[in-house]
Amino acid sequence: MKTALMHLQKPGRKRKSTTFLNYNIMVGVGMLWLILFNIVPMIGIVMAFENYDPVKGFIGLENFQYLFSMSDSRRVIVNTIIIAVSKLVLNVIVPLVFALLLNEIRKMKFKKIVQTVVYLPHFLSWVILASIFLELFSFRGAFNTIVSTFGVEPKIWFAEEKYFRQLVIFSDVWKEFGYNAVIYLAALTGVSQDLYEAAAIDGCSRLKAVWHITLPGIAPTIVVVAVLGLGNVLNAGFDQVFNLYSPIVYQKADILDTYVYRLGMLNLQYSVSTAVGLFKSVISFILIASSFTLAKKFANYRIF
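Now for a quick tour of the structure. (Residues numbered from 1 in each chain as written. Predicted model: local features only at pLDDT ≥ 70, side-chain atom pairs only at ≥ 80, totals over all residues. Heavy atoms only, no water.)

1. With respect to the overall build of the protein
For the protein, the count of helices and strands is 13 helices and 0 strands. For the protein, the sequential pattern of α-helices and β-strands runs α-α-α-α-α-α-α-α-α-α-α-α-α. Computed over C-alpha atoms, the radius of gyration of the protein comes to 26 Å, more than 25% over the 19 Å expected from 2.2 N^0.38 for 304 residues, which places it beyond the range of a compact globule. For the C-alpha atoms alone, the extent of the protein along its principal axes is close to 80 × 70 × 35 Å. Going through the 304 residues of the protein one by one, you find that 34% of them count as buried. For the protein, the share of sequence-separated contacts (at least 6 apart) that also reach a separation of at least 24 residues comes to 67%. Surface accessibility of the protein: about 19400 Å² in total, with carbon and sulfur atoms responsible for 69%. (Helix = DSSP H or I, 4+ residues; strand = E, 2+ residues; numbered from the N terminus. Rg over C-alpha atoms; globule rule 2.2 N^0.38 Å. Buried < 20%, exposed > 50% of the residue type's maximum accessible area, 1.4 Å probe, protein only. Contact = heavy atoms within 4.5 Å. Areas by Shrake-Rupley, 256 points an atom, 1.4 Å probe, with all protein chains shown as cover.)

Rendered as structure tokens:
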């Protein structure tokens, strides 16, 4: 009898050990990738404290002093904060409003079609979208053709400093709002329908139901999305800005990532560009740590 039981238990133990081994292999490959491409390259941080010259070597904080003494660095930081914060705020509000409106649609087929259409731009790269936007807003583009009928003088909109930031923010929100709305739509499915039925019996309008039932029901999700977005305040979108800007609009368009690229890859100022990148990384780390603390406090959200 005991022998029979042992034979029955052994295959289960073998499967468990095989599954455990497979998980370890998967995690091991991911950790190896992380170490090789994220941890090992961090050795290069030492360049921020050196003059990129084998003779002079270590110079301490001189690169950071030089960085903050330049007028360009202040302008770049301001541009980064304005663009990134605007994206952060609008990428919370616009998807939320869209999700609430979409949730009110009762025809499921139409609802799915709309959701799919607005979801698709997220999967297009900025190389493709930048070409489309630059063509649409070019001097002979479709946008000038439309606004010229209202007496607006045609211009190359992405070459205008006073319009560039707005166009960058608008294009980013347009690209991502459908994808970000999925989070809120998922949260809306967790709101009990019994509450809406009870509210309807009491004579509550749909607008009041949204204000008093829907929004409080998904408030934790809104807080988590908004707070965790703080960690990306200094990420204004290198791929987007790089593909849309030009030297004409550097004053309003240059952000930390494009500034690092030009300093390091074009001007060969490796030490200064490393100092800029390290400055951004340290501030981003502080913001991410703070965002997780705020998410835990206000939305009871924890990773560990």
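2. Observations regarding the packing of aromatic side chains
Counted under the stated rule, the structure contains 19 aromatic pairs. Look at Phe68 and Phe279: their rings are 5.2 Å apart centre to centre, the planes differ by 80°, and that puts the pair in the edge-to-face class. In this pair, Phe68 is assigned in helix H2 (residues 62-69) and Phe279 in helix H13 (residues 270-299), connecting sequence segments 211 residues apart. Judged by relative accessible area, which is 38%, Phe68 ranks as partly exposed. For the pair Phe137 and Phe158, a centre-to-centre distance of 5.7 Å together with 90° between the ring planes defines the contact as edge-to-face. Residue Phe137 is found in the loop between helix H5 (126-136) and helix H6 (142-147), and its partner Phe158 is found in the loop between H6 and helix H7 (161-188); the two are separated by 21 residues along the sequence. Phe158 carries the same exposure label as Phe137, and that label is buried. Taken together, the ring pairs connect Trp126, Phe133, Phe137, Phe143, Trp157, Phe158, Tyr163, Phe164 and Trp174 into an aromatic cluster. Over the ring of Trp157 we find Lys155, and its NZ or CZ is 4.6 Å from the ring centre. Above the ring of Tyr250, the side-chain terminus of Arg262 is found at 4.1 Å from the ring centroid. (Phe/Tyr/Trp six-rings, centres within 6.5 Å; stacked < 30°, edge-to-face > 60°. Lys NZ or Arg CZ within 6 Å of the ring centre and 35° of its normal.)

3. Considerations on a nonpolar patch on the surface
Where nonpolar side chains cluster on the molecular surface, the patch consists of Val27, Met31, Leu32, Trp33, Leu34, Ile35, Leu36, Phe37, Ile39, Val40, Met42 and Ile43 and spans about 1200 Å² of accessible area. On the secondary structure map, Met31 appears in helix H1 (residues 2-39). (Patch = residues over 30% accessible without salt bridge, like charges linked within 9 Å, V, L, I, M, F, W, Y side chains within 5 Å. Salt bridge = Lys/Arg side-chain N within 4 Å of Asp/Glu carboxyl O.)

4. Side note on the environment of Ile222
The residue Ile222 is located in helix H9 (residues 206-228) in this model. Taking the relative accessible area as the measure of exposure, Ile222 reaches 18% and is therefore buried. The residues contacting Ile222, other than those within four sequence positions of it, are Val92, Leu96, Tyr184 and Leu215.

5. Some thoughts on the side chain of Asn79
Along the polypeptide, Asn79 turns up in helix H3 (residues 71-103). On the accessibility criterion, Asn79 (1% relative accessible area) is buried.

6. Digging into unusual backbone geometry
Even without glycine at this site, Leu268 takes up a positive phi of about 60°. Here Leu268 is to be found in the loop between helix H12 (256-266) and H13.

7. Some details on the packing of H3 against H7
Across the interface, H3 lies against H7 with an axial gap of 6 Å and an inter-helix angle of 45°. The orientation of H3 relative to H7 falls into the category oblique. Between H3 and H7 lies a crossing whose hand is right-handed. Partitioning the contact of H3 with H7 into residue classes produces 19 nonpolar, 5 polar and 4 charged. (Axes fitted to C-alpha atoms, helices over the stretch in contact; angles between N-to-C directions. Parallel < 35°, antiparallel > 145°, perpendicular 65-115°, else oblique. Left-handed = near helix turned anticlockwise from the far one by under 90°. Nonpolar A, V, L, I, M, F, W, Y, C, P; charged D, E, K, R; others polar.)

No statement about biological role is implied by the geometric values presented.
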